[in-house]
Amino acid sequence: MRSQGVLHSDTEILVPFFDIDTMNVVWHGHYVKYLEVARCALLDKIGHNYTAMLESGYAWPVIDMQLRYVRGATFGQTLNVRASLVEWENRLKVNYLITDLASGERLTRASTVQVAVEIASREMQLASPRVFTDAVERALK
């Protein structure tokens, strides 16, 4: 069973024509973009977005991504992309659920893992920086 996470953010995305492939469904690579939009909304909700991460001296590259496609999204369909915070103390793990907004039908599920890298030294951190974990703790209260 996939973790629902301790904090989540829902983002609506209207599928544009230019995301559709010759099979009349969203090209698989565009789902990564939808995950990024939802993850940015989640980080905004936490109060520590990518701008704050950079200002604190850390980059957070994605080191792992998993996607499972159930049904293809189509042009003009409104999607709900839920990003759920699962882990944050040693790495940032986010689970995603993409559903059709109108019916609630599950279309895709995914997860990403990111780690903190100190920008100055380019060293990967074995624990998330305190500035980030403190922001998560504040958001959870």
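The name recorded for the chain in an unreviewed UniProt entry is Acyl-CoA thioesterase, from Pseudomonas synxantha.

Turning our attention to the overall build of the chain. When its secondary structure is counted, the chain shows three helices and eight strands. Computed over the C-alpha atoms, the radius of gyration of the chain is 16 Å, within 12% of the 14 Å expected from 2.2 N^0.38 for a compact globule of 141 residues. Overall, the C-alpha framework of the chain stretches about 45 × 30 × 25 Å when taken along its three principal axes. Taking all 141 residues of the chain together, 39% fall into the buried category. Considering only contacts in the chain between residues 6 or more positions apart, those separated by 24 or more positions represent 67%.

Let's shift gears to helix 3 (residues 130-140). Residues of helix 3 that are buried include every one of Phe-132, Thr-133, Ala-135 and Val-136, and no others. Summarising the axial view, the buried residues of helix 3 lie within an arc of 155 degrees, below the 170-degree limit, and thus occupy one face. In helix 3, the exposed positions angled more than 90 degrees off the buried face are occupied by Arg-130 and Arg-138.

This part takes up the pairing of strand 1 (residues 7-14). Side chains of strand 1 alternate between two faces, with Leu-7, Ser-9, Thr-11 and Ile-13 buried and His-8, Asp-10, Glu-12 and Leu-14 left unburied. Here strand 1 pairs with strand 4 (residues 78-87) via eight bridges, running antiparallel. The residue of strand 4 that forms the bridge with His-8 is Ser-84.

Aromatic ring pairs are described here by two measures, namely the spacing of the ring centres and the angle between the planes. Applying the stated rule across the entire model yields four aromatic pairs. Judged by centre distance (5.1 Å) and plane angle (65 degrees), the rings of Tyr-31 and Tyr-69 are edge-to-face. Taken together, the residues Tyr-31 in helix 1 (residues 30-46) and Tyr-69 in strand 3 (residues 62-69) connect sequence positions 38 residues apart. Centroid distance Trp-60 to Phe-132: 4.9 Å. Interplanar angle 50 degrees. Geometry classified as tilted. Of the two residues, Trp-60 is situated in the loop between strand 2 (58-59) and strand 3 and Phe-132 in helix 3; the sequence distance between them amounts to 72 residues.

So, how was this worked out
- Residues numbered from 1 in each chain as written.
- Predicted model: local features only at pLDDT ≥ 70, side-chain atom pairs only at ≥ 80, totals over all residues.
- Heavy atoms only, no water.
- Helix = DSSP H or I, 4+ residues; strand = E, 2+ residues; numbered from the N terminus.
- Rg over C-alpha atoms; globule rule 2.2 N^0.38 Å.
- Buried < 20%, exposed > 50% of the residue type's maximum accessible area, 1.4 Å probe, protein only.
- Contact = heavy atoms within 4.5 Å.
- Arc of directions from axis to C-beta.
- Pairing = 2+ DSSP bridges.
- Phe/Tyr/Trp six-rings, centres within 6.5 Å; stacked < 30°, edge-to-face > 60°.

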